[in-house]
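Report on the structure
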Amino acid sequence: MIATQTLHIEVKKTKQSRLPSVDWKKLGFGNILSDHMFVSDFADGQWKNPRIIPYGNFEISPANSALHYGQSIFEGMKAYRYSNGDIYLFRPLENYKRFNVSAERMAMANVPEELFMEGLTQLIRLDSNWVPKEEGHTLYIRPLLFATESHIGVKVSDSYSLMIMTSPVGMYYSQPIKVLVETKYTRAVPGGVGFTKTAGNYGRSHFPTRLALQKGYNQLIWTDGYEHKYLEESGTMNLMCVINDTLITPELHDTILAGITRDSVIHVAKDMGIKVEERKITVDELVDGHKKGTLQEIFGVGTAATIAPICLFGYKGKDYELPPINENNFGGRIKKELDKIRTGKVADKHGWMFKV
Ligand code: COI
């Protein structure tokens, strides 16, 4: 079901917009939050009080169970401005569906489509001036769902808050990144929560990532938890590589997030006539491809990072430099095509764009 006008959302506007204070040349990622946020509460088995209010702090009980036991999930999506000024969301229903996949695995309240889509679209309309005009800049949208029960015993929370906030953003990575293949710590194991966007998946990655940063890398490539042999994800992104002109990406299973950018890149690559394989890839295959000269590219793909080229990977004490990166690489060409779709410069033949 697409958003309708049936849900009544109370709107309390900010008295003083923070827009005049934004330095659009120095957006970075996630530093600036827009004027308003959407909020709704779940209690007694029902969603209540959907409202748009000024973005700001709120009170929380020190016994809040999300803080103690981690019932907290989020999504990441983006709004784009077309050259005629219209604003579009990219595949928002996919984010909505994945939000509930995460909610179900974390035993949290399911979010109705109308609540999510109507809250989202009304918020973006109200804060439409926060959608950047500059090419390459977008409005990042962060839906969040967390337990609100104040209870120290370990149990599934009976109450939740849904919030949607937005942030005008520039590039996540401003240059190609160096990644370290992680062979000790594990992001996710079969039967776990690796396929969800739950807070703990990110919290657990900080320590190993910090160790990699201390060694001069920018990010990790996660490998499987049993043998540290198969590639999984890179940092907050899905991973793709090009070997012998074939785009290869780890096949989805429950340790890997089903990225919407990943899926879109696969579609666009196929549309461009590029051969795509979704399968298991070993680190040895990268090393071997590097030795033979058949490994052409590695890049990460995600909502925040879009397509982030990787210039070097470290593995077992050795660094492997990748061929020079330019916009005619597979990653660069696919990004250009995807950007054209997202900014309305070519026909949206997959029906991905959702007008706000
Ligand atoms: C996204 O790409 O939306 C992510 O989830 C990355 C985020 C943690 C910054």
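So, here is what we can say about the structure in this document. Because the structure is a prediction, the values reported are computed rather than measured.

Rules of the game
Residue indices follow the written sequence of each chain, beginning from 1 at its first position. Per-residue local features are limited, in this predicted model, to residues with pLDDT of at least 70; the limit for side-chain atom pairs, both in listing and counting, is 80 or more; totals at the level of whole chains, interfaces and linings are taken over all residues. Remark: hydrogens and water are excluded; side-chain values derive from all non-hydrogen atoms of the structure. A fitted line through C-alpha atoms serves as each axis, taken over the contacting stretch for helices, and the angle formed by two N-to-C directions is quoted from 0 to 180°. Numbering of helices and strands starts at the N terminus; helices are DSSP runs of H or I of at least 4 residues and strands are runs of E of at least 2. To sort the angles, those under 35 degrees are grouped as roughly parallel, those over 145 as roughly antiparallel, those from 65 to 115 as roughly perpendicular, and the leftovers as oblique. Crossing chirality is assigned from the near helix's rotation relative to the far helix, an anticlockwise turn below a right angle marking it left-handed and a clockwise turn marking it right-handed. When checking whether two residues touch, look at their non-hydrogen atoms; a contact exists if any pair is within 4.5 Å. Think of it as three bins: nonpolar holds Ala, Val, Leu, Ile, Met, Phe, Trp, Tyr, Cys and Pro, charged holds Asp, Glu, Lys and Arg, and polar takes everything else, Gly as well. Residues are labelled near a given molecule or strand when at least one of their non-hydrogen atoms is within 4 Å of it. Whenever a nitrogen or oxygen atom comes within 3.5 Å of another N or O atom, the pair is scored as a polar contact, on the condition that within protein one atom can donate a hydrogen and the other can accept it, and that pairs from neighbouring residues in sequence are kept only if both atoms are in side chains. In this description, accessible areas are obtained by the Shrake-Rupley approach with a 1.4 Å probe, and a residue is regarded as covered only by the protein chains that are shown. Boundaries between domains were set according to an automatic or database domain assignment. We count a salt bridge whenever a side-chain nitrogen from Lys or Arg sits within 4 Å of a carboxyl oxygen from Asp or Glu. Residue burial is assigned from relative accessible area. The probe radius is 1.4 Å, only protein chains are included, and a residue is buried under 20% of its type maximum, exposed over 50%, and partly exposed in between.

Quick word on the packing of helix H2 (residues 92-105) against helix H3 (residues 113-126)
H3 packs onto H2 with a crossing angle of 135° between their chain directions and a minimal axis gap of 11 Å. Comparing the axis directions of H2 and H3 gives the class oblique. Relative to H3, H2 is oriented so that their crossing is right-handed. Two secondary-structure elements touch here, H2 through Pro92, Leu93, Tyr96 and Phe99 and H3 through Glu113, Phe116, Met117 and Leu120. Considering only residue class, the contact of H2 with H3 consists of seven nonpolar, no polar and one charged.

Structural notes on the site of the ligand
Phe74, Gly76, Tyr140, Arg142, Tyr172, Lys197, Tyr202, Thr236, Thr303 and Ala304 make up every residue found near the ligand. One nitrogen or oxygen atom from the main chain of Thr303 is found 3.2 Å from an oxygen atom belonging to the ligand. In the complex, 90% of the free accessible area of the ligand, which totals 280 Å², lies under the protein chains. Here the shell around the ligand spans two domains, since at least three of its residues come from each of domain 1 (3-169) and domain 2 (177-342).

Some thoughts on the pattern of salt bridges
A full pass over the atoms with the stated rule returns 22 salt bridges. Arg51 is paired through a salt bridge with Asp41; the nearest N and O atoms lie 2.9 Å apart. Placement of Arg51 in strand E3 (residues 46-54) and of Asp41 in strand E2 (residues 36-43) is noted, with a sequence separation of ten residues between them. Residue Arg51 is classed as buried on the basis of its relative accessible area of 18%. Note that Lys155 and Asp158 form a salt bridge whose closest N and O atoms lie 3.4 Å from each other. Shared partners join several salt bridges into a network, and the residues in it are Lys275, Glu277, Arg279 and Glu285.

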